[in-house]
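Survey of secondary and tertiary structure
Given next are the chains, with one letter for each unit.
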Amino acid sequence: MQISIEKENSKLTVTVSGRIDTVTAPELEEFALEHMEGITEMALDLADVEYVSSAGLRALLQIHKDMSKQGKLKLLNIRPSVKEIFDMIGFSRIFTIE
Amino acid sequence: MDKKKFSRNNLAFNIVSAVLLLILIFSIIVSLIGSNILTEIVNRSYGDAAYAVADMGLTMVNGNHIDRYLKNGESDEEWQETTRQLQTLCDRMQVTMIYVICLDTADYESYTTVFHVVGSDIDDYKPLSLGQVKTYSNDSFKKEFEVLYADDNIENSTLIGAAELHGDKSYITSVHPVRNGSGKITAMLCAQVPVTDMHTRVKYFARIAVAAIVLAALVIIVYTKYIRKNIAGPIGRVSAETKRFAAENTKGEPLDIVSRINEISSLSHSIDEMEEEMLEYIENLTAVTAEKERVSTELSVAKRIQENAVPHIFPAFPERKDFDIYAYMKPAKEVGGDFYNYFLIDDDHLALVMADVSGKGIPAALFMMVTNILIVDRTRLGGTPAEIIEYVNDTVCSNNEAGMFVTVWLGILELSTGKITACNAGHDDPAVYRKGGTFELVKTVHDIAVGAMGGLPYHNCEIQLNKGDKLFLYTDGVPEATDKDMKMLSLGTMVDTLNRHKEETPQKILAGINNGINEFVADAPQFDDITMLCLELKEAEGKNGGMPAEDAL
């Protein structure tokens, strides 16, 4: 998994690529938490994410929960295979997916 | 310790003996060179003196009259005059003696004396008389004379080092051929000078050399003490301490060596420090190993507790002939987050649970235990699956700081009608086998996983089973079983495998799927928990109850 960020005032775009699984999920969660201060709008670009495991979903859920205290979280460019997982687990209902 | 001091492998011994050997070799070389140079200088200066005397004497001797002197004897006036002149020269120049001799040219063994004067203050020698014949015993002298006689062209005198040059009484003799008018050698004039102070000088030199060696020895003794105190001693202690530590692994007296040599002090300091750290490390390691063992024991107990938290004895309902059920659970680690469950709410209602907690290991297992109990207890109180899950979700979310969630498929099967009322909280869609047909995934409405967010509504859905139909529930560990190239089994393959075993009993269907997974995964380690459950609604009551318990999958 690789992470890159783009920050514009209080808007943060995090681009993730690779797999978000048991090994990489804590890394993503920690990374997001580190850069969350003062952010009101966070976007996670998942265009290059091919797989999200349950641990990955947990990390995304945690980021969503943390962000909802101070602003909004959007998920961008989700691949159909990953969207399927979101649909299945019911996350499509709580995440803003664009 | 004393024994060590004399060991040949001892550091101090090695250093001292090497230094000693070096000094000795150096002294010997210097002494040899020194004494050679000294001897040569002395020889040359005395040789020069003898040469000068002989050269002067040559002017006094008439080479033409040698035969006449021998014939006339001592009464010859010219001989007497020449003898007087030579005597004066001898005294003035302080030479031992001046003599003129005729050698027997046949073998140079003997000679006849012509002139022979001895210094007035010399007692060792007595002048020989004219015509006296003497025999030479010194071979090197004979050779010199032979050379002189043989070669008429040698104008220069030849220096002959006397015997016993280094003795108490050393002499150097300069020999000049005496020639007659026609240039023929008629006699040999020899001037012998005493090398009086040669011996004293050599002795003096020897004394200096000995003093130097003694001084060197003293320095070595002091140096040895220095080495022993500052190098060999400390190194010996360091070596003994490390040997002891390696054998005993216990804390010893700190070395605390203070040496004039910084490296030695720092080595001792480092050893002390290293020992301390090593002991700490060993202690830690022992503690960690013990802790690991303890955790491992606890985990194996936890594993059994978890296994016992769900029904695991098959056949599950041997008295029921209207359905058959089989389930299988294989955590990726000792304990896992997946679980299945089934139980009769009443005679006509069977509850079926398949769930998957996010993550693996102990946290997932703890979360699994909580949700399992909540679901079972709440289900027994009655209500639809959606109501039950809604309650469980709100309960879990009210205190879920770990942010974990669990996907749950909960169904209540009305055995008499085959109607399943189910609620899918983010779980994989079940596969249903229709009698005479194939296994197919049945997609129903999906609600959010339990624990993700509280206060959300959940929905019921219905699946109608007929006699002879089968229901297959599973967690994502099955379709996402991963081989060593990170390739996943996929839902398609799972359904295909199900269909290869579709006519078989629930137990055999699960065995078939499990074999399929094992073949696909091969040597790769198991990534996720694998859990599955299969239910068959039997065609005719009383025909064939639950399958006899075979070996676990």
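Residues numbered from 1 in each chain as written. Chains lettered and ligands numbered in written order. Predicted model: local features only at pLDDT ≥ 70, side-chain atom pairs only at ≥ 80, totals over all residues.

**As for the overall build of chain A**
- Along the backbone of chain A there are three helices and five strands.
- Reading the secondary structure of chain A in the N-to-C direction produces β-β-α-β-α-β-α-β.
- Put simply, chain A has 98 residues, and 37% of those count as buried.
- Of the contacts formed within chain A by residues at least 6 apart in sequence, a portion of 72% connects residues at least 24 apart. (Helix = DSSP H or I, 4+ residues; strand = E, 2+ residues; numbered from the N terminus. Buried ≥ 20, exposed ≤ 12 C-beta atoms within 10 Å, placed from the backbone. Contact = placed C-beta atoms within 7 Å.)

**Examining the packing of helix 8 (residues 361–380) of chain B against helix 9 (residues 385–397) of chain B**
All names here are of chain B.
- Axis separation between helix 8 and helix 9 bottoms out at 10 Å; the angle between their running directions is 140°. With respect to their mutual orientation, helix 8 and helix 9 come out oblique. Classified by chirality, the crossing of helix 9 by helix 8 is right-handed. Where helix 8 abuts helix 9, its residues Thr371, Leu374, Ile375, Arg378 and Thr379 lie against Ile388, Tyr391, Val392, Thr395 and Val396. (Axes fitted to C-alpha atoms, helices over the stretch in contact; angles between N-to-C directions. Parallel < 35°, antiparallel > 145°, perpendicular 65-115°, else oblique. Left-handed = near helix turned anticlockwise from the far one by under 90°.)

**Digging into the pairing of strand 9 (residues 349–357) of chain B**
Residues and elements named next belong to chain B.
- Of all nine residues making up strand 9, seven are buried, and the element is well covered by its neighbours.
- From the end of strand 8 (residues 338–346) to the start of strand 9, which pair antiparallel, there are two residues.
- Pairing between strand 9 and strand 10 (residues 406–414): nine bridges, direction antiparallel. Paired with valine 353 across the two strands is leucine 410, which belongs to strand 10. (Pairing = 2+ DSSP bridges.)

**Describing the nonpolar core**
- One finds Ile389, Val408, Leu473 and Met532 of chain B to be the most contacted residues of the largest nonpolar core, which totals 96 residues.
- Here the element with the most residues in this core is helix 2 (residues 54–68) of chain A; it accounts for seven residues.
- In contact with leucine 473 of chain B, not counting residues within four places along its chain, are Tyr340, Leu352, Met354, Trp409, Pro430, Met532 and Leu533 of chain B.
- Counting 39 residues, the second largest nonpolar core, distinct from the first, contains Ile66, Leu86, Val117 and Ile185 of chain B. (Core = buried A, V, L, I, M, F, W, Y, C linked by C-beta atoms within 7 Å.)

**Considering the packing of helix 2 (residues 11–60) of chain B against helix 4 (residues 77–93) of chain B**
All names here are of chain B.
- The geometry of helix 2 relative to helix 4 is characterised by a closest axis approach of 10 Å and an angle of 165° between their N-to-C directions. The pairing of helix 2 with helix 4 is recorded here as roughly antiparallel in orientation. Taken as a pair, helix 2 and helix 4 cross one another with a handedness that is right-handed. Between helix 2 and helix 4, the contacting residues are Val53, Met56, Gly57 and Met60 on the first element and Thr82, Gln85, Leu86, Leu89 and Met93 on the second.
- Taken together, the residues of the contact of helix 2 with helix 4 sort by class into six nonpolar, three polar and no charged. (Nonpolar A, V, L, I, M, F, W, Y, C, P; charged D, E, K, R; others polar.)

**Here we look at the interface of chain A and chain B**
- Across the contact, 15 residues belong to chain A and 17 residues belong to chain B.
- Listed by contribution, the elements that provide at least two residues to the side of chain A that touches chain B are helix 2 and helix 3 (80–89) of chain A.
- Of the residues forming the side of chain A that touches chain B, the biggest block, seven residues, is contributed by helix 2 of chain A.
- The class makeup of the residues in the side of chain A that touches chain B is seven nonpolar, four polar and four charged.

**Some points on unusual backbone geometry**
Residues and elements named next belong to chain B.
- Residues phenylalanine 314 and proline 315 are joined by a peptide bond in cis, for which omega reads 0°.
- The residue proline 315 is located in the loop between helix 7 (262–308) and strand 7 (323–330) in this model.
- Phi is positive for glutamine 94, close to 55°, though the residue is something other than glycine.
- If you trace the backbone, glutamine 94 turns up in the loop between helix 4 and strand 1 (97–103).
- For glutamine 94, a count of 15 C-beta atoms within 10 Å gives the class partly exposed.
- In this structure, alanine 522 is a non-glycine residue whose phi angle is positive, near 55°.
- Positionally, alanine 522 belongs in the loop between helix 11 (506–521) and strand 16 (530–537).
- The exposed category is assigned to alanine 522, around which 8 C-beta atoms lie within 10 Å.

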